[in-house]
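Descriptive analysis of the structure
Next come the chains, spelled out residue by residue.
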Amino acid sequence: MKKISLILLLGISISLTAFSAVKQWEEGQRQQQYQHRADAHTAALIAGFQNIAKQLEDMRYLLEYNINNKKDKPTEPRELLDMFTPILSHEPALIDVDWAVFDPNTGQAHIIYSLKHRNNIEKIPVTLSKHPVTAHITQETPDHYVLQLISPISNQLNPINQPELEGKLVAALVTEWDIKTIIEQALKHTPVAAQDIHIISIENNKKTELYVHASRSRTKADKHVHTDIHYTTTFPFANLTLQAEYEAAPKFLKDFPIVLAWQTLLIWLAATFLLAWYIYKKDKHTEHVEKLVEERTKELNKKRKKLHQIIANLQDIYYEIDLKGNIKMISPSIGSLGYTVDEVLNKSMQTFCIDSDELKNLLLALQGSGDGKIHNRHIRVRHHNGSLRWVSMNAQYRYDENRKVVSIEGTLRDFTVSKAQQEKIQQADKLELLGLMAGSIAHNFNNILTSILGHASMARMSSQSNPKLNQHMDAIESSSTKAAEICKQMLAYTGQGNYCLQPLHLSQCLGEVKAMIRASIPENIQLDFSFTDDLAAIRADKSQIQQLAIDLILNAAESYEQKAGTVRTSTGSQVLKAQDLKLCIESEQSSPGSYIYLRIQDTGCGIAKAMQEKIFEPFITTKFMGRGLGLSAVRGIVRSQHGAILLESEEGKGTTITVFFPVDNHQA
């Protein structure tokens, strides 16, 4: 019943709205039709007044022509005015034509002759202006108005009889017109049906009703009845503003009735009640059907609820995508990748997949599997925070009842942590193996170099008298010494070098090698040392720390690639927390606490992001030539000190390397 009530309410509302809209449209059409009639009447009125202006202009032209060319005197206009007698007899609206003469001595004009009366009359003053026509309206009787038009006559052609009046006013033609006759003549050929007309003049902001025409269609009963259909228009005449006001009579409403709106209302109401009856019958049938399917629906809901609970409790991510890669279903366990269900539902799988061709590759893998299933396929995805994750994908086709593939479903399992741990173990094993191999090679090679240096010394003792042979011995000893230095760096990387650990003040230790560092740096590089005094002691080998600093400073200087620059070296103390150590290299054996640091800064070429994780490995270098053991030796020294290395670099902007040494807590 609520539905039917709502339909009835909605249908009635629509019916009334449609009725109002159509009624408004019909009223607009009726108003437009009425306005069209009124415009026709206004056009006729304007034409009537323009006809008067035309006749007046013709008379004025004839008078000026005769006065200026035939040398007629303005004070004797009888012969001139006689020519207008036919006009006076044939123009019903023209009441009289008067002649006024301008006296330049007094600056006034007076009417001296009337065509209608034919006699000299008492001098009536007239106000002249330079306008072609000046209009005045006077009321003769309560319903009779006269329009007086004054048209000045000027001396234009330098007459012989009065040259002093050249270009000046000499007289004026004054005509009087019956306004009612003008209006009725204008509307004579324009039917005035079912409307009232009011003609009003506006002179000096004063309104005067000149003419009223009541519709002949009005009966005594509706004589004073007013309608809401009005139209007002104004038009200028001379110095006057005339206004025509039109109001439709009741008969006009009968001629243009509102019919379509009522028809629309009845049609909509009928449709509403028919629809309500149909829905009532349909609801009865639906209630019967709903009772039949209610038990089945409850059973399906239980199964669906159980399925949703299973999916919600999955640790793996269950998904279903259509063949275009759009996610149609996803389990809440997507939260393990930082997303919510709403963030990925109905989105492309590329929302979190790294490989842009992942959908294509997935479809190819399913097609090539034979049974439409794939297992444990490794793909890369993007965590909500932007980090890279590895997931293991299981997928299979879903079919409809016609065995047509409609979607793909499966599970995703995040194994990033286990993969990272496995890679870390593999890397550690590789580095350990590399360290053992490097240590073994370094020891054996060092023994060989010791033998070479010994034999070279003995050969030098036996060849004192042979300078050329001594020169070769010098080259052998120099090369052997450099090779021994490489062995020393390899042993430093593996932590197998011979060290003398003792309490050491870092700033003092580095201050001793300033001169050595400056001698090793190209002239285009400036060194800026900022060492903090009174730092706590660290426990380290002095020569190792000095060699570490020299290697890092040399590496920073080489980053400028023969351009001028500055390498800044500073020391200080800092407390590192667990989250700080996670950002560092070789921090696995480091604990949160107080550290003394050595920081090397440059604004050189910087290190590419792909190389930043590799530059501390053996035989890795960013230079065209080089041994590639300097930074790996630094790493070995830091590892042996249980320290950490923080690398901050941006390609093209420079590099900052900070080496942290734990404070020696066992010093006396």
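Check the entry above for the structure.
Residues numbered from 1 in each chain as written. Predicted model: local features only at pLDDT ≥ 70, side-chain atom pairs only at ≥ 80, totals over all residues. Heavy atoms only, no water.

Positive phi values are uncommon outside glycine, yet Ala-238 reaches one of about 55 degrees. By secondary structure assignment, the location of Ala-238 is in the loop between β9 (230-237) and β10 (240-248). By relative accessible area, which is 44% here, Ala-238 ends up partly exposed. In this structure, Asn-346 takes a positive phi of about 65 degrees despite not being glycine. Position of Asn-346 relative to the elements: it lies in the loop between α7 (341-344) and α8 (358-368). Given the relative accessible area of 52%, Asn-346 is considered exposed. (Helix = DSSP H or I, 4+ residues; strand = E, 2+ residues; numbered from the N terminus. Buried < 20%, exposed > 50% of the residue type's maximum accessible area, 1.4 Å probe, protein only.)

A few words now on the environment of Thr-219. The residue Thr-219 is located in the loop between β8 (206-213) and β9 in this model. Thr-219 sits in the partly exposed class, given a relative accessible area of 44%. Distance in space between the C-alpha atoms of Thr-219 and Pro-250 is 9.4 Å, their sequence separation being 31 residues.

On to the sheet that holds strand β20 (residues 593-602). Two modes of strand pairing occur in sheets, parallel and antiparallel, and in both the strands are linked by backbone hydrogen bonds. The five strands lie next to each other as β17-β19-β20-β22-β21, forming an open sheet whose pairing is mixed. Each having just a single partner strand, β17 (525-530) and β21 (644-650) make up the two edges of the open sheet. With direction set aside, neighbouring strand axes in the sheet form an average angle of 20 degrees. Strand direction decides the pairing type here: β17 and strand β19 (residues 565-576), joined by six bridges, are parallel. By the bridge assignment, Ile-525 is partnered in β19 with Gly-565. Sitting on the sheet, helix α13 (residues 542-558) is in contact with β17, β19, β20 and β22 (654-662), with an inclination near 35 degrees to β20. (Pairing = 2+ DSSP bridges. Axes fitted to C-alpha atoms, helices over the stretch in contact; angles between N-to-C directions. Contact = heavy atoms within 4.5 Å.)

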